[in-house]
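What follows is the residue order along each chain.
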Amino acid sequence: MPADHVYNVLFLCTGNSARSVLGEALINHVGNGRFRGFSAGSTPRGQVHPMTLQTLRNAGISIDGLRSKPWDEFATPDAPKMDFVFTVCDNAAGEACPVWPGQPVTAHWGIEDPAAVAGPEFKQQAAFEDALTYLRNRVAAFMSLPLESIDRMALTSKLRGIGAMEGSTSKSAGAA
């Protein structure tokens, strides 16, 4: 791909209210115009979790335009062509995903669901901050890859390795 290519990256989860939205906002924030992030869910909750929005605001990351949406929005012929699709929850990784136009490179980057944490608000907020940190580490590793010069098989292997970084919910990070 040309060096000036903008890579479209789709983050998938079941509810599209926390982890996938964090991924979308984060890559748009740090992507330097080289990456454009999107998110979706197999059964979206219909609204972004309030602590997702608060965590992003606290980190100085824009929340403009964030919404919970179904993944089939990105499987239509007129949808943006995805270069990469990352599942960030184990449920979405195990579901039959739509066929994505353009055959993007896929990987599973499972992270615990911060929205599932019970208890006092400070514990819940810490879980959202941890999820953002784990995603930030993965996105930084991803963005450091030589995407213009690496072959698909090597790239897939590296992306799976990124999925196994600290905070991974699976013993072996497989393909989405």
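See the structure printed just above.
From a predicted model like this one, the values you see are computed outputs, not experimental measurements.

Engineer: Quick question: what am I supposed to make of the overall build of the protein chain here?
Structural biologist: Counting its secondary structure elements, the protein chain contains five helices and four strands. Along the protein chain, helices and strands appear, N-terminal first, in the series β-α-β-α-β-α-β-α-α. Within the protein chain, buried positions represent 45% of all 176 residues. Restricting the contact set of the protein chain to residue pairs at least 6 apart, pairs at least 24 apart contribute 73%. Summed over its atoms, the accessible surface of the protein chain is roughly 8,300 Å², and 51% of this surface lies on carbon and sulfur atoms.

Engineer: Help me out: how do you make sense of the packing of helix α1 (residues 19-30) against helix α4 (residues 121-143) in this one?
Structural biologist: Relative orientation and spacing of two packed helices are given, respectively, by the angle between their axes and the distance between those axes. Running from N to C, α1 and α4 point in directions that differ by 50°, and their axes come no closer than 10 Å. Judged by the inter-axis angle, α1 sits oblique to α4. Taken as a pair, α1 and α4 cross one another with a handedness that is right-handed. From α1, Arg19, Leu22, Gly23, Leu26, Ile27 and Val30 reach across to α4, where they touch Phe128, Ala131, Leu132, Leu135, Arg136, Val139, Phe142 and Met143.

Engineer: Would you mind going over the sheet that holds strand β4 (residues 105-108) with me for this structure?
Structural biologist: Sheet strands pair by backbone hydrogen bonding; their relative direction is either parallel or antiparallel. An order of β2-β1-β3-β4 is seen for the four strands of this open sheet, with the pairing classed as parallel. The open sheet has two free edges, formed respectively by β2 (35-41) and β4, since each of these has just one partner strand. Across the sheet, the mean angle from the axis of one strand to that of its neighbour is 20°, orientation sign disregarded. Contacts between helix α5 (residues 152-163) and the sheet are confined to β3 (84-87) and β4, with β4 contributing the most and set at about 25° to the helix.

Engineer: Any chance you could explain the nonpolar core here in plain terms?
Structural biologist: The nonpolar side chains of a soluble globular protein tend to be buried, and buried together. Phe84, Phe86, Trp109, Phe142 and Leu159 are the most contacted members of the largest nonpolar core, which totals 34 residues. Of all the secondary-structure elements, those providing two or more residues to this core are β1 (7-13), α1, β3, β4, α4 and α5. Setting aside residues up to four positions removed in sequence, Phe142 forms contacts with Val9, Ile27, Phe35, Phe84, Phe86, Trp109, Leu147, Leu159 and Ile162. Grouped together as the second largest cluster of nonpolar side chains are nine residues, Leu12, Trp71, Phe74 and Met82 included.

Engineer: Help me understand the pattern of salt bridges, please; the structure alone is not making it clear to me.
Structural biologist: One side chain can pair with another of opposite charge once the charged atoms of both are near each other. All chains considered together, the criterion is met by five salt bridges. The residue Asp113 makes a salt bridge to Arg19 at a minimum N-O spacing of 3.7 Å. On the criterion of sequence distance, the pair formed by Asp113 in the loop between β4 and α4 and Arg19 in helix α1 is long-range, its members being 94 residues apart. The closest approach of N and O atoms between Glu24 and Lys69, which form a salt bridge, is 3.7 Å. Separated by 45 residues along the polypeptide, Glu24 in helix α1 and Lys69 in the loop between α2 (50-58) and β3 bring together distant segments of the chain.

Here is what the cut-offs are and how they apply
Residues numbered from 1 in each chain as written. Predicted model: local features only at pLDDT ≥ 70, side-chain atom pairs only at ≥ 80, totals over all residues. Heavy atoms only, no water. Helix = DSSP H or I, 4+ residues; strand = E, 2+ residues; numbered from the N terminus. Buried < 20%, exposed > 50% of the residue type's maximum accessible area, 1.4 Å probe, protein only. Contact = heavy atoms within 4.5 Å. Areas by Shrake-Rupley, 256 points an atom, 1.4 Å probe, with all protein chains shown as cover. Axes fitted to C-alpha atoms, helices over the stretch in contact; angles between N-to-C directions. Parallel < 35°, antiparallel > 145°, perpendicular 65-115°, else oblique. Left-handed = near helix turned anticlockwise from the far one by under 90°. Pairing = 2+ DSSP bridges. Core = buried A, V, L, I, M, F, W, Y, C linked by side-chain atoms within 4.5 Å. Salt bridge = Lys/Arg side-chain N within 4 Å of Asp/Glu carboxyl O.

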